[in-house]
Structure formats: C-alpha cells, structure tokens
Amino acid sequence: MRRLLLCTDLDRTLIPNGPQPLSPDAPRLFARLVARAEVCLAYVTGRHKALIEGAIREFRLPWPDFAVADVGATIYRAVADVWAPWPDWEAHIAPDWAGMTSADLHKVLGPAWGLELQEEEKQGPYKLSYYAPLDWDHETLTGRMAAALDRKSIRAALVWSVDGPAGVGLLDVLPARAGKLSAIRFLMRREGFAPDETLFAGDSGNDLDVLASEIPAVLVANADAEVRRRLEGKKPLHMAGGYLGMNGNYAAGILEGAAHFWPEADAWLRKFHEDKEN
C-alpha cells in the first residue's frame, strides 16, 4: 500500500474564506479522501496552533496528522486532540538567529523600516510578523533588510504575501532554514515520503517557494492573479480549473491536484462521486 502525503495551506486554499464560490460537494469529497488509511494529511499555514484549531472547529475540517504552523517555523504531530511539537525542527532552525528572539529582531528591523507589528498572538519564538502597505516595494526593501540582518550574523528568510480581503501586505521574518518548503522537506525525510508520494496545495505569496519547487503541487483556481502569473510554466505544478463538475476553487482544486498526480486518488474520488450520484 503506497502512503501519500497531502500538504495543504488553509486560508483561501482549503478554507473557503475568499470571494470566489465553493463547489458544494468538495468538502465531502475532501473528507473522504483524507480518511483513507493511505493518506497522511498535513496543514501548512501561517496560522499559529490556536488559530488552526479554531479553523478546524469553525469549518469542520478533518483533523490532520501534522501541522506545519507559523509559516513553517513550527511543526506539530497531531494525535487526537494532542499537539506535540517537534523539538528536532526547532533545534534545526534556531542557530540561524544566533541566539536572538523575535523581539530582539524587531529592535533591529522595526524602528529602522517603519513596519507595523502584527498582533502578539501572531508572533512566535521563531516568527516575527509585520503589516505593510500593498504598494510597498517589497522586493527592494526585503533585500536591504536581509542584508542588515546578515551584518549581525542573523540568517533570515523574509516572506512577503498579500491578504487580499483585508487589503494589506504581510511580511514574515523566519530563520533561513525555516519556511513552508523546508518544513515539508523535513517532514518528508522524517516520515519517508518520496516526491511522487507528496502533494502540496496553495494559493498565495507565502506558498510560492513550495509551488515553484520540485514537490508536485496544485495552485487552486481562486489563487492570486500575481501568483498565477509568476508560476506560469513551472513544473511539476498543476493549475486547477475543473474536475468532476467542480470549479477548481479551494478544496475542489486540492482534489483536482490529487487526481492529477495520484492515479489511485482519481479512482477513489470518482468512486466517491458515483456513490453520491447513485
């Protein structure tokens, strides 16, 4: 029996909290897919633990086997309602910040760059998060910020994304070895998943590193237009558009990606769909 690792972002990927419509049958099919014994489910998100748990309750999401939280700064193994952080992951990324905390880094970055801190609950030991205007020249400024941190022997990754509904830019500062892509690779190595047994689903800027990587991935149909433009021609990447009569948005796009890359998932999903039709 081949084991499959399904990794998905939450907001506007699995969670339908964007303006585009959700295909009504998609949540049911998603729940049946991840209930298969062959499928290991990992939520990969910028949310912290409490917000992930809140989303599971609010949107009645399946319980995951793993949660990559805080934009890849934390990994949890989820067993029933117990979340166990992986200390090996923290030990792996901690040296990049040279003993500094996120509060220490803010003293280096915040005053000099005029950044607005996100709420306290959105910060973490290895995650420093800011709001920024949408018209911010983020490519130039994040490059200068990375250089300023490097001069203090701090190896950091600066991840830019956009909260479209809120109309604001988001900047996350992480250890250089953290991030969604590094965390998924770590999970794959530890759990023994090959690339062709792994799938990632995403929609926005902080998913770009995984979507453009060697890991098979699907971009849901409701994704940001700028993200779609930047990923044109990337492989292995499937851009969702429609499957089993669904629209490719949110969970429907995740299902389409699973069917595209995993023939057995396509067979399961078609059977689940036929079961309802009959």
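Report follows, based on the coordinates. Computed from a prediction, not measured in an experiment: that's the story for all the values here.

Quick look at the overall build of the protein
Next, step 1: Each helix and strand in the protein was counted, giving 10 helices and 12 strands.
Next, step 2: Taken over the C-alpha trace, the protein has a radius of gyration of 19 Å; the compact-globule value for 278 residues is 19 Å, and the two agree within 12%.
Next, step 3: Overall size of the protein, expressed as C-alpha extent along the three principal axes, is 65 × 40 × 35 Å.
Next, step 4: In the protein, which comprises 278 residues, the proportion classed as buried is 53%.
Next, step 5: A sequence separation of at least 24 residues applies to 61% of the contacts in the protein between residues at least 6 apart.
Next, step 6: Carbon and sulfur atoms make up 52% of the accessible area of the protein, which totals about 12,300 Å².
Next, step 7: Across the protein, the 31 positively charged side chains and the 39 negatively charged ones have centroids separated by 2 Å.

Side note on the pattern of salt bridges
Next, step 1: The tally for this structure, following the rule as stated, stands at 18 salt bridges.
Next, step 2: Its salt-bridge partner being Lys-49, residue Glu-53 comes within 3.5 Å of it at the nearest N-O pair. Of this pair, Glu-53 and Lys-49 both sit in helix 2 (residues 49-59), 4 residues apart, roughly one helical turn.
Next, step 3: Under the relative-accessibility criterion, Lys-49 is labelled partly exposed at 28%.
Next, step 4: A salt bridge links Arg-190 to Asp-88; its shortest N-O distance comes to 3.1 Å. Of this pair, Arg-190 sits in helix 6 (residues 180-191) while Asp-88 is found in helix 3 (residues 87-93), placing the two residues 102 residues apart along the sequence.
Next, step 5: For Asp-88, a relative accessible area of 42% corresponds to the partly exposed category.
Next, step 6: Through salt bridges with shared partners, a single ionic network connects Asp-9, Lys-180 and Asp-207.

Some words on the layout of surface pockets
Next, step 1: Considered as a void within the structure, the largest pocket measures approximately 480 Å³ in volume.
Next, step 2: Only strand 7 (128-132), strand 8 (156-163) and strand 9 (168-175) provide two or more residues apiece to the lining of the largest pocket.
Next, step 3: Grouping the amino acids of the lining of the largest pocket by side-chain chemistry returns 5 nonpolar, 9 polar and 12 charged.
Next, step 4: What lines the second largest pocket is a set of 15 residues, among which His-138, Trp-160, Gly-205, Leu-208 and Arg-230 lie closest to the centre.

Notes on the packing of aromatic side chains
Next, step 1: Inspection of every chain in the model, using the stated rule, returns 7 aromatic pairs.
Next, step 2: Where Trp-63 meets Trp-83, the ring centres are 5.5 Å apart and the plane angle is 70°; that geometry is what we call edge-to-face. Of this pair, Trp-63 sits in the loop between helix 2 and strand 3 (66-69) while Trp-83 sits in strand 5 (residues 82-85), placing them 20 residues apart in sequence.
Next, step 3: What makes Trp-63 partly exposed here is its relative accessible area of 35%.
Next, step 4: Taken together, a centroid distance of 5.7 Å and an interplanar angle of 80° make the contact between Tyr-76 and Trp-83 edge-to-face.

A few points about the pairing of strand 10 (residues 198-202)
Next, step 1: In terms of burial, strand 10 is largely enclosed, as 5 of its 5 residues are buried.
Next, step 2: Neither face of strand 10 is left uncovered, since the one carrying Thr-198, Phe-200 and Gly-202 and the one carrying Leu-199 and Ala-201 both have all their residues buried.
Next, step 3: The pairing of strand 1 (residues 4-8) with strand 10 spans 4 bridges and is parallel. Residue Cys-7 lies in a different strand from strand 10, and its bridge partner there is Phe-200.
Next, step 4: Relative to strand 11 (residues 217-219), strand 10 runs parallel, the two sharing 3 bridges. Counted as the bridge partner of Gly-202 is Leu-219 from strand 11.

Quick notes on the rules
Residues numbered from 1 in each chain as written. Predicted model: local features only at pLDDT ≥ 70, side-chain atom pairs only at ≥ 80, totals over all residues. Heavy atoms only, no water. Helix = DSSP H or I, 4+ residues; strand = E, 2+ residues; numbered from the N terminus. Rg over C-alpha atoms; globule rule 2.2 N^0.38 Å. Buried < 20%, exposed > 50% of the residue type's maximum accessible area, 1.4 Å probe, protein only. Contact = heavy atoms within 4.5 Å. Areas by Shrake-Rupley, 256 points an atom, 1.4 Å probe, with all protein chains shown as cover. Lys, Arg positive; Asp, Glu negative; His and termini not counted. Charge placed at Lys NZ, Arg CZ, Asp CG, Glu CD. Salt bridge = Lys/Arg side-chain N within 4 Å of Asp/Glu carboxyl O. 1 Å grid on protein atoms, 1.4 Å probe; cavity = no way out; pocket = protein on both sides within 12 Å on 5 of 7 lines; lining within 4 Å. Points joined across faces, edges and corners; volume = space filled by probe spheres on them. Nonpolar A, V, L, I, M, F, W, Y, C, P; charged D, E, K, R; others polar. Phe/Tyr/Trp six-rings, centres within 6.5 Å; stacked < 30°, edge-to-face > 60°. Pairing = 2+ DSSP bridges.

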